[in-house]
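Here is how the chains run, residue by residue.
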Amino acid sequence: MASPTSSLVHPFQVSIAQSTLDDLQTRLRLTRWPDKETVTDWSQGVPLAAIQDLCEHWQTKYDWRRCEALLNSYPQFTAAIDGVDIYFLHIRSKHENALPLVLTHGWPGSVLEFRHIIDKLVGPESDGGSPEDAFHLVVPALPGYAFSGKPTETGWDYRRTARAWATLMQYLGYADDGWVAQGGDWGAHVVASLGHQAPRGLKSVHFNSIFFEPKKEVQVPISDTKGGERAMYLEGRRDAGHRGYSLQQSTRPQTIGYGLADSPVAQAAWMYEKFRDWSHNDGNVETVFSKDEMLDTIMLYWLSNSGTSSARYYWECEFDSTAWPINIPVGVSWFGGDNSYAPKEWCERYYSNIVYWKETERGGHFAAWEVPEDFVAEIRQWRRKIR
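An unreviewed UniProt entry annotates the chain as Alpha/Beta hydrolase protein originating from Emericellopsis atlantica.

Next up, the structure:
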């Protein structure tokens, strides 16, 4: 049985002081609201009525202690790696031969993205799987996110994060027997870097987000013309009014950080917009996520004061692409509502051994959170290709 092999790994429990929650309520109550948008849609950002409705729920109905209890129901740890304390969940299956899997979130995500898949992956019999489908899960928070430490020096991009994850898996005793990695959003960048680095024990990687440069890749024709057209269309849609957050965070994260650190409404709106824009919904984000679950993730950023440090990750990650040469087995699951896409023929230029590929109709950018059953099915199909 694998167990922490380093004295640098320590148990962790979430315990937020009541005074911190009281301060949040005071700030919400004293919010100075801006004037209403001059349009009837979301083209200027989160409508005033929408964010006021979310924040009214936050004030009167939301219960942080419920979320705190959920987090504390999982084995939580921190590990000192390269000068930063990395917070992570470590949930082992009862099946000793389960495959170790590190799951990596992105922005504006958190370890809570995986709440609906944890039990299914560690105990597959609970929903029709077999013991051979079982995983031991390691779910870290990116540096500067939630309860992970905030880097105090430059250089913490996804490549350095990937090296930290390899060290973490070594700490946990998984490097010798083999492990796999999965990620979306920034997690996909970490996974691409892991696949490129191919650290000891890493057997395969899986993406549910693919970030390429369509204007570069399209210069070489492919047979899948519809796939290329889709990638160009989605790239154009992202450019048309949806890149402001990225430009701000990748150039002046400290400036936006003052508002995110001081105003819970600013932090909430900054994230809520992306939950709505990036999930696969009919225009109403609450058909996909409940207010409570969105606020759970917003609270992780607010309570840890990580709005600025998480934004800084964009500043660090100058090369926004998962197009890295990878020779170990690769799996890709694209969920139809996501806006990050590249056709298989583009990926084959960089990933020499794609063992699993599927494009689905349901789900969006937060696939594990949005469509957990579909996501688990994809993970199991990928795993069966690498046994």
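Draft legend 1. Quick peek at the packing of aromatic side chains. Per the counting criterion, the structure on display carries 28 aromatic pairs. Relative to F88, the ring of F77 lies with its centre 5.6 Å away and its plane at 25°, an arrangement referred to as stacked. You can see F77 sitting in strand β2 (residues 76-81) and its partner F88 sitting in strand β3 (residues 84-91), a full 11 residues away along the chain. What makes F88 buried here is its relative accessible area of 0%. Ring centres of F275 and W369 lie 5.3 Å apart, and the angle between their planes is 85°; this geometry places the pair in the edge-to-face category. Remark: W369 occurs in helix α15 (residues 367-370) and F275 occurs in helix α11 (residues 264-278); sequence separation between them is 94 residues.

Draft legend 2. Here's a closer look at the pattern of salt bridges. Throughout the structure, instances matching the rule amount to 20 salt bridges. Here K274 and E273 are joined by a salt bridge, their closest N and O atoms 2.8 Å apart. Just as K274 is buried, E273 falls in that class too. A salt bridge links E286 to K291, with the shortest nitrogen-to-oxygen separation between them at 2.8 Å. Among the residues examined, K291 registers a relative accessible area of 14% and is labelled buried. Counted as one network, the salt bridges with shared partners bring together R66, R115, E293 and D296.

Draft legend 3. Region of interest: the packing of helix α2 (residues 48-60) against helix α12 (residues 291-303). With their axes 11 Å apart at the nearest point, α2 and α12 run at an angle of 80° to one another. One finds that α2 runs roughly perpendicular with respect to α12. Every residue of α12 that contacts α2 at D53, L54, H57 and W58 is listed here: K291, D292, L295, I298 and M299. Here the contact of α2 with α12 is composed, by residue class, of five nonpolar, one polar and three charged.

Draft legend 4. Up close: the packing of helix α9 (residues 244-251) against helix α10 (residues 253-262). One can describe the packing of α9 onto α10 by two numbers: an axis separation of 6 Å at closest approach and a directional angle of 110°. On the basis of their axis angle, the class for α9 and α10 is roughly perpendicular. Where α9 abuts α10, its residues Q248, Q249 and T251 lie against P253, T255 and I256. Of the residues in the contact of α9 with α10, the class split is two nonpolar, four polar and no charged.

About the criteria used
- Residues numbered from 1 in each chain as written.
- Predicted model: local features only at pLDDT ≥ 70, side-chain atom pairs only at ≥ 80, totals over all residues.
- Heavy atoms only, no water.
- Phe/Tyr/Trp six-rings, centres within 6.5 Å; stacked < 30°, edge-to-face > 60°.
- Helix = DSSP H or I, 4+ residues; strand = E, 2+ residues; numbered from the N terminus.
- Buried < 20%, exposed > 50% of the residue type's maximum accessible area, 1.4 Å probe, protein only.
- Salt bridge = Lys/Arg side-chain N within 4 Å of Asp/Glu carboxyl O.
- Axes fitted to C-alpha atoms, helices over the stretch in contact; angles between N-to-C directions.
- Parallel < 35°, antiparallel > 145°, perpendicular 65-115°, else oblique.
- Contact = heavy atoms within 4.5 Å.
- Nonpolar A, V, L, I, M, F, W, Y, C, P; charged D, E, K, R; others polar.

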